[in-house]
Amino acid sequence: YFRYTDPRVPLARTDLARLRGDPEPQGVADGPRLAVVLRFTLPPSTYATMLLRELTKQSTDLTHQLELNQPHVAPTSAEHAKEE
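Our subject in this report is the structure included herewith.

Reading guide: rules and limits
Residues numbered from 1 in each chain as written. Predicted model: local features only at pLDDT ≥ 70, side-chain atom pairs only at ≥ 80, totals over all residues. Heavy atoms only, no water. Helix = DSSP H or I, 4+ residues; strand = E, 2+ residues; numbered from the N terminus. Buried < 20%, exposed > 50% of the residue type's maximum accessible area, 1.4 Å probe, protein only.

### Thoughts on unusual backbone geometry
For residues other than glycine, phi is negative in most cases, and the peptide bonds are mostly trans.
Part 1: Although it is not a glycine, Ser-45 sits at a positive phi angle of roughly 65°.
Part 2: Tracing the chain through its elements places Ser-45 in the loop between strand 2 (33-35) and helix 2 (48-56).
Part 3: The exposure class of Ser-45 is exposed, given its relative accessible area of 72%.
Part 4: Phi is positive for Lys-57, close to 60°, though the residue is something other than glycine.
Part 5: With respect to the element layout, Lys-57 can be found in the loop between helix 2 and helix 3 (62-68).

Shown next as C-alpha cells:
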C-alpha cells in the first residue's frame, strides 16, 4: 500500500506509461489517503474482476451489479431516523 494526496493522480503505471518509460507513481509519506496496490498474474481465460470480487466478497448477482452503477443518494434525515 501507499499513501497519497491527490485523487486525480494515477496510482499505478499503465502499460502505455511503461512503454513511454514513465516512472512508477510514488506515494506521499504523510498523505491523508491510503491506496492498496494489488499485483497478480492470472492464467489464461480468467478475469481480474472475478478475483477482486472474491477478495472483497462482492456479489456477482446481476441485480447487485446494476445497483453499483446507480448514483448514490444520501438518505434524508427523516429517512435516516426511520431506519433507526
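That shown, we press on.
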